[in-house]
Amino acid sequence: MVVETVVVALWAMLPAYVPNNAAVLFGGGPPLDGGRQWRGWRLLGDGKTWQGTAVGIATGVALGIVLDAAQPALVAATGVGLPGFPLGVTVALAAGAMLGDVLASFLKRRTGRRRGASFPVLDQLDFVVVALAIVAIVAPAWFGEVFLSEPLRLVVVILATPLLHLGTNAGAYLLGLKEEPY
Ligand code: CTP
Ligand code: MG
């Protein structure tokens, strides 16, 4: 059923969805790159901080732990085959999401984009693509069961994530939490 495919796909990515938003809310302080430059441009820039990265990963992991605890009851109540989140999976998804964001920042600086500049497609997909790649490496059995057994779920993630991301970012912008609406 289509609804079930969408629900399972988005549920499985929830620990990768929250880290970026938590970083926007709670980031700040010293940058990851320590202010270093590379080839005339900042390595990453002031938008990627230790605090934002740590809080982002911690928030994603905390959510994964809560979802894993709730999963049996939710499956029993709804009959939807929601996957659980072993700790390794949760950490891979949350850390992968933050790593994707950092790699995108690195690419932005290499392509002459200033902090906060938009990089369409990359901005919307960096965190899910890297989170999926890391979880596929760290927890291949979970990745196989959840995504390879039903590849349509991967399609859902790739198509729905940009919409969700643009929606939450526009919301954060309107609330004055974020400087750009993308
Ligand atoms: N943030 C952070 N640490 C991170 C990611 C984000 O502290 N690892 C915070 C920063 O305050 C950042 C804001 O969240 O400015 C928005 O994040 P994002 O849009 O990803 O960063 P940008 O400022 O746009 O920087 P860049 O151009 O390098 O992506
Ligand atoms: Mg930005």
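Chains are numbered independently. Their residues run from 1 in the order of the written sequence. As a convention, the first chain written is A and the first ligand written is 1, with the rest following in written order. Local features are withheld for residues below a pLDDT of 70 in this predicted model, meaning they are given only at 70 or higher, and side-chain atom pairs are given and counted only at 80 or more; totals for whole chains, interfaces and linings count all residues. Hydrogens are left out, water is left out, and the side-chain values use all remaining heavy atoms of the structure.

S.K.: It is not clear to me how the packing of aromatic side chains should be interpreted in this structure. Could you clarify?
M.R.: Each aromatic ring pair is described using two quantities: the centre-to-centre distance and the angle formed by the ring planes. Aromatic pairs are defined between Phe, Tyr and Trp rings, using the six-membered ring for Trp, whenever the two ring centres lie within 6.5 Å; interplanar angles under 30 degrees are classed as stacked, those over 60 as edge-to-face, and all others as tilted. According to the stated counting rule, one finds 6 aromatic pairs in the structure shown. Seen in terms of ring centroids, Trp11 and Phe85 are 5.7 Å apart; in terms of plane orientation they differ by 35 degrees. Their pairing is tilted. Of this pair, Trp11 sits in helix H1 (residues 2-26) while Phe85 sits in the loop between helix H2 (50-78) and helix H3 (87-110), and the two are 74 residues apart along the sequence. Note on Phe85: relative accessible area 2%, which makes it buried. Centroid distance Trp142 to Phe147: 6.3 Å. Interplanar angle 70 degrees. Geometry classified as edge-to-face. Here a helix means four or more residues in a row that DSSP labels H or I, a strand means two or more in a row labelled E, and each is numbered from the N terminus. Only protein chains enter the accessibility calculation, which uses a 1.4 Å probe. A residue is then buried if its area is under 20% of the maximum for its type, exposed if over 50%, and partly exposed in between.

S.K.: Is there a simple way to think about the site of ligand 1 in this case?
M.R.: Being near a molecule or strand, for a residue, comes down to having at least one heavy atom within 4 Å of it. Neighbouring ligand 1 are 18 residues, the closest being Lys48, Thr49, Ser105, Arg109 and Arg115. We define a polar contact as two N or O atoms separated by no more than 3.5 Å, with the added condition that, inside protein, one atom must be a possible hydrogen donor and the other a possible acceptor, whereas residues neighbouring each other in sequence contribute only through side-chain atom pairs. Within the side chain of Arg115, a nitrogen or oxygen atom sits 2.7 Å from an oxygen atom of ligand 1. One of the backbone nitrogen or oxygen atoms of Gly116 is found 2.7 Å away from an oxygen atom of ligand 1. About the coverage of ligand 1: the protein hides 88% of its 570 Å² of free accessible area. It is H3 that contributes the most residues to the shell around ligand 1, 4 residues altogether. Residues were grouped as follows: Ala, Val, Leu, Ile, Met, Phe, Trp, Tyr, Cys and Pro as nonpolar; Asp, Glu, Lys and Arg as charged; and all remaining residues, including Gly, as polar. A breakdown of the residues in the shell around ligand 1 according to their chemical character gives 3 nonpolar, 8 polar and 7 charged. The Shrake-Rupley method, run with a 1.4 Å probe sphere, supplies the accessible areas, and residue values consider only the shown protein chains as cover.

S.K.: Help me out: how do you make sense of the side chain of Asp126 in this one?
M.R.: Summarising the element assignment, Asp126 is placed in helix H4 (residues 122-138). Beyond its immediate sequence surroundings of up to four residues, Asp126 is in contact with Gly100, Asp101, Ala104 and Val121. When checking whether two residues touch, look at their non-hydrogen atoms; a contact exists if any pair is within 4.5 Å.

S.K.: I tried to follow the nonpolar core on my own but got confused; where do I start?
M.R.: Grouped burial of nonpolar side chains is what soluble globular proteins tend to show. Think of a nonpolar core as a cluster: buried Ala, Val, Leu, Ile, Met, Phe, Trp, Tyr and Cys residues, connected wherever their side-chain atoms sit within 4.5 Å. Judged by nonpolar contacts, the single largest core of 29 residues is most densely connected at Met13, Leu93, Val135, Trp142, Phe147 and Val157. Only H1, H3, H4, helix H5 (140-148) and helix H6 (152-174) provide two or more residues apiece to this core. With 7 residues, H1 is the single largest residue contributor to this core.

S.K.: Quick question: what am I supposed to make of H4 here?
M.R.: An α-helical turn contains 3.6 residues, so a residue and the one three or four places further along point in the same direction. Expected helix span is computed as 1.5 Å times (number of residues minus one). Over its 17 residues, H4 runs 23 Å from end to end, which matches the ideal 24 Å to within 8%, given 1.5 Å per residue. Residues of H4 that are buried include every one of Asp123, Gln124, Leu125, Asp126, Phe127, Val128, Val130, Ala131, Leu132 and Val135, and no others. Among the structural elements, H1, H3, H5 and H6 are those in contact with the buried residues of H4.

S.K.: What's the story with the pattern of salt bridges in this structure? I'm lost.
M.R.: Here, a salt bridge means any side-chain nitrogen of Lys or Arg that lies within 4 Å of a carboxyl oxygen of Asp or Glu. This structure, assessed with the given rule, holds 6 salt bridges. Between Arg153 and Glu150 there is a salt bridge, with its nearest N and O atoms 2.9 Å apart. Here Glu180 makes a salt bridge to Lys178, at a shortest N to O gap of 3.6 Å. Of the two residues, Glu180 and Lys178, neither departs from the other in class, the shared state being buried. When salt bridges with common partners are traced through the structure, they connect Asp33, Arg42 and Asp46 into a single cluster.

S.K.: Where do I start with unusual backbone geometry in this structure?
M.R.: Excluding glycine, residues mostly have negative phi values, and the peptide bonds linking residues are mostly trans. One non-glycine residue, Arg39, lies in the positive phi region at around 55 degrees. Assignment of secondary structure puts Arg39 in the loop between strand E1 (37-38) and strand E2 (41-42). Positive phi values are uncommon outside glycine, yet Val121 reaches one of about 75 degrees. Residue position: Val121 is located in the loop between H3 and H4.

S.K.: How do you make sense of a nonpolar patch on the surface when you look at a structure like this?
M.R.: The residues that make up patches have over 30% relative accessible area and no salt bridge, and they are joined within 9 Å when like-charged or within 5 Å when they are Val, Leu, Ile, Met, Phe, Trp or Tyr. A contiguous nonpolar surface patch, about 480 Å² in accessible area, is contributed by Val24, Leu25, Phe26, Leu175 and Leu177. Turning to its location among the elements, Leu25 is positioned in helix H1. On the accessibility criterion, Leu25 (47% relative accessible area) is partly exposed.

Take it as geometry only, folks, not as evidence of what the structure does.
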